[in-house]
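Summary of the model geometry
This is what each chain is made of:
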Amino acid sequence: MTSSETAQAGPKALVLPTMTEVPQGPDGSPLSGSTVDVILVPMAGDDGEERLVALAFTSIPLLVEAMGEGQPWVIIPTEEIGKALSGSGASAVLIDPQLADSAEGESTRG
């Protein structure tokens, strides 16, 4: 498999759940200058230390299945996820998680 085939296999954008509604463009991306409060959840790392990870989904239906229809969200191009989460405290991105009913996140500006 070539590197271009590998790149095409991944999603072009990810759907990030947010703490509040965010003004969006027609494609679901946040409007320029918008502040997005992403959902971060604590997870134990390989070393046993707790770290914060951002939640992301490869489609809106998967987000709705995991978090419910009322969950606000934004779409971020995959190549911009690192920049979007810069300064948020997230040390990783958990893609397509299956959440327990009692999962609670922490808000941060990203």
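Up top is the structure.
Here we summarise the structure given alongside this text.

About the cut-offs
- Residues numbered from 1 in each chain as written.
- Predicted model: local features only at pLDDT ≥ 70, side-chain atom pairs only at ≥ 80, totals over all residues.
- Heavy atoms only, no water.
- Helix = DSSP H or I, 4+ residues; strand = E, 2+ residues; numbered from the N terminus.
- Buried < 20%, exposed > 50% of the residue type's maximum accessible area, 1.4 Å probe, protein only.
- Contact = heavy atoms within 4.5 Å.
- Pairing = 2+ DSSP bridges.
- Polar contact = N/O pair within 3.5 Å; in protein donor to acceptor, adjacent residues only side chain to side chain.
- Core = buried A, V, L, I, M, F, W, Y, C linked by side-chain atoms within 4.5 Å.

Thoughts on the overall build of the protein
Helix and strand content of the protein: three helices and six strands. Taken across its 110 residues, the protein has 29% of its residues classed as buried. In the protein, once contacts between residues fewer than 6 apart in sequence are set aside, the share between residues at least 24 apart is 67%.

Some remarks on the pairing of strand β1 (residues 13-17)
Across the five residues of β1, four count as buried, placing the element largely inside the fold. Across five bridges, the pairing between β1 and strand β4 (residues 73-77) is antiparallel. Counted as the bridge partner of Ala13 is Pro77 from β4.

Things to note about helix α2 (residues 60-67)
The N-terminus of α2 is capped by Ser59, whose side-chain oxygen sits 3.2 Å from the backbone nitrogen of Leu62. Remark: Gly68 follows α2 within two positions and exhibits a positive phi of approximately 100 degrees.

Comments concerning unusual backbone geometry
Within the chain, Asp96 stands out as a residue other than glycine whose phi angle is a positive 55 degrees. Residue position: Asp96 is located in the loop between β5 (90-95) and β6 (106-109). Asp96 sits in the partly exposed class, given a relative accessible area of 29%.

Remarks on the environment of Ile60
When you line up the elements, Ile60 lands in helix α2. Judged by its relative accessible area of 31%, Ile60 falls in the partly exposed class. Distance in space between the C-alpha atoms of Ile60 and Pro17 is 9.7 Å, their sequence separation being 43 residues. For Ile60, the contacting residues outside a window of four places in its chain are Val15, Trp73 and Ile75.

Looking at the side chain of Thr18
Mapped onto the elements of the fold, Thr18 is located in the loop between β1 and β2 (37-44). Using a relative accessible area of 1% as the deciding quantity, one classes Thr18 as buried.

Some remarks on the nonpolar core
If you look at the biggest cluster of nonpolar residues, it comprises 12 residues: Leu14, Leu16, Val22, Val36, Val38, Leu40, Ala54, Ala56, Val74, Ile76, Ile81 and Leu85. Every element with two or more residues in this core is listed here: β1, β2, β3 (50-56), β4 and α3 (81-85). Residues in contact with Ala54, not counting those within four places in the same chain, are Ile39, Leu40, Leu85, Ala90, Ala92, Val93 and Leu94.

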